[in-house]
Amino acid sequence: MKIGIFGGTFNPVHFGHLRAAEELAQNFLDKVIFIPTNITSNKKMPGIDPEKRMEMLNIAIKNNKKFEASDIEIKRGGLSYSYDTIIQLKKIYPSDELYFIAGVDAYSDVKNWKNGAEIFDKINFIVVNRSGMKSDSKNLVKLTGFLPDNLKERIKLEYSQNRLVTPKNKYIYFLKITRLDISSTAIRNNFKNNISNLFLLPNEVINYIINNKLY
Ligand code: ATP
Ligand code: MG
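Residues numbered from 1 in each chain as written. Chains lettered and ligands numbered in written order. Predicted model: local features only at pLDDT ≥ 70, side-chain atom pairs only at ≥ 80, totals over all residues. Heavy atoms only, no water.

With that settled, consider helix H1 (residues 15-27). The periodicity of an α-helix, 3.6 residues per turn, causes residues three or four positions apart to be oriented the same way. Given a rise of 1.5 Å per residue, 13 residues ought to cover 18 Å, and the 18 Å separating the end C-alpha atoms of H1 matches this to within 8%. All buried positions along H1 are accounted for by Gly16, His17, Leu18, Ala20, Ala21, Glu23, Leu24 and Ala25. (Helix = DSSP H or I, 4+ residues; strand = E, 2+ residues; numbered from the N terminus. Expected span 1.5 Å × (residues − 1). Buried < 20%, exposed > 50% of the residue type's maximum accessible area, 1.4 Å probe, protein only.)

See below:
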């Protein structure tokens, strides 16, 4: 099975995440597992418990058979590093193909991730566009540019497949999705300023946020 691993803070989950996962599940993957972070090292979090972010995910995905949410980062506790999650998931799914899903913005920071170079020996990647980045052939060159230096020199570009190939034969795909210019930051700001968030995230998640006075 091809399984997508979609990590993030999901504070809150929104249609940008959900639509990306839906299109990948339609066209490429058999299943997408959303994994909310416990504590994110590179983010100032406005104090929303991981359990509440998980609950919002569960509400958002409950009717989609190809979607799952996992609390492995929450259960592990402490700072959440994608590398640790990937090692753990490879043990849980030893005979499946795992693909780590990341928006370009997250992927562009990959050099600074824990074991940023080694990570590409362990798992395939699917990078999806976010607003501001056009989908064209130059993007594979751009994706190469974000890689750690020692990997950059040994990477192969396969334009016909929209992917990079690492020396260990792992793939880094760049896949087009419908670009939705939605971010959790903008949604939190809207809540703070009493501006409507209708059609940016599922209504049931909006209700959960209002009932629990999250933002
Ligand atoms: P914040 O504004 O708090 O950073 P966010 O909207 O960027 O929130 P994250 O939880 O940080 O959401 O993102 C998790 C993953 O989803 C990242 O890989 C990010 O690039 C991707 N992502 C977030 N929003 C979108 C979107 N609108 N379209 C495609 N990918 C997205
Ligand atoms: Mg983000």
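There's plenty left to go through after this.
Our next topic: the pairing of strand S8 (residues 171-175). For S8, a buried count of 4 out of 5 residues is recorded, marking the element as mostly surrounded by other parts of the structure. Inspection of the sheet shows strand S5 (residues 124-128) paired to S8 by 4 bridges, in the parallel sense. Note that in S8 the partner of Val127 across the bridge is Phe174. Pairing of strand S7 (residues 163-165) with S8 involves 3 bridges; the strand directions are antiparallel. Residue pairing across strands places Arg163 opposite Tyr173, the latter belonging to S8. In textbook terms, the turn of a hairpin is the stretch between consecutive antiparallel strands, and for S7 and S8 this stretch comprises 5 residues, one of which, Asn169, has a positive phi near 60°. (Pairing = 2+ DSSP bridges.)

Okay, helix H10 (residues 203-211) next. Buried within H10 are the following residues: Val205, Ile206, Tyr208 and Ile209. Within H10, the buried residues cover an arc of 160° as seen down the axis, which keeps them to one side. On its buried side, H10 packs onto helix H2 (50-61) and helix H9 (184-192). Downstream of H10 by a residue or two, Lys213 has a phi angle that is positive, lying close to 45°. (Arc of directions from axis to C-beta. Contact = heavy atoms within 4.5 Å.)

Moving on to a nonpolar patch on the surface. Judged by side-chain polarity, Val141, Leu157 and Tyr159 come together as a nonpolar surface patch covering roughly 270 Å² of accessible area. Along the chain, the position of Tyr159 falls in the loop between strand S6 (156-158) and S7. The class for Tyr159 is partly exposed, based on a relative accessible area of 45%. (Patch = residues over 30% accessible without salt bridge, like charges linked within 9 Å, V, L, I, M, F, W, Y side chains within 5 Å. Areas by Shrake-Rupley, 256 points an atom, 1.4 Å probe, with all protein chains shown as cover. Salt bridge = Lys/Arg side-chain N within 4 Å of Asp/Glu carboxyl O.)

What follows deals with the sheet that holds S6. Within the open sheet, the 8 strands sit side by side as S3-S2-S1-S4-S5-S8-S7-S6. Their pairing is mixed. Unpaired on one side and paired on the other, strand S3 (67-69) and S6 mark the two borders of the sheet. When strand polarity is set aside, the average angle formed by the axes of neighbouring strands in this sheet is 25°. Direction of pairing for strand S1 (residues 2-8) relative to strand S2 (residues 31-36): parallel, over a ladder of 6 bridges. Of the residues in S2, the one forming a bridge with Ile5 is Ile33. Relative to strand S4 (residues 97-103), helix H4 (residues 82-92) is tilted by about 155°, and along the sheet it contacts S1, S2 and S4. (Axes fitted to C-alpha atoms, helices over the stretch in contact; angles between N-to-C directions.)

Bringing the side chain of Thr40 into the picture now. Looking at the element boundaries, Thr40 is found in the loop between S2 and H2. For Thr40, the side chain forms a polar contact with the side chain of Thr37, separated by 2.8 Å. (Polar contact = N/O pair within 3.5 Å; in protein donor to acceptor, adjacent residues only side chain to side chain.)

Pairs may arise between side chains of opposite charge once their charged atoms sit close together. In total, this model carries 11 salt bridges according to the counting rule given. Residue Glu68 is joined to Lys31 by a salt bridge in which the shortest nitrogen-to-oxygen separation is 2.9 Å. With Glu68 in strand S3 and Lys31 in strand S2, the pair connects residues that are 37 residues apart, well separated along the chain. Relative accessible area serves as the criterion here: at 31%, Glu68 is assigned to the partly exposed category. For Lys31, a relative accessible area of 14% gives the class buried.

A few words now on the packing of aromatic side chains. Inspection of the entire model under this criterion finds 16 aromatic pairs. Seen from their ring centres, Phe6 and Phe10 are 5.7 Å apart, and the 85° between their planes marks the pair as edge-to-face. The aromatic ring of Phe28 is capped on one face by Lys2, whose charged end is 4.3 Å from the ring centroid. Residue placement shows Arg163 over the ring face of Tyr171; its charged tip is 3.9 Å from the ring centre. (Phe/Tyr/Trp six-rings, centres within 6.5 Å; stacked < 30°, edge-to-face > 60°. Lys NZ or Arg CZ within 6 Å of the ring centre and 35° of its normal.)

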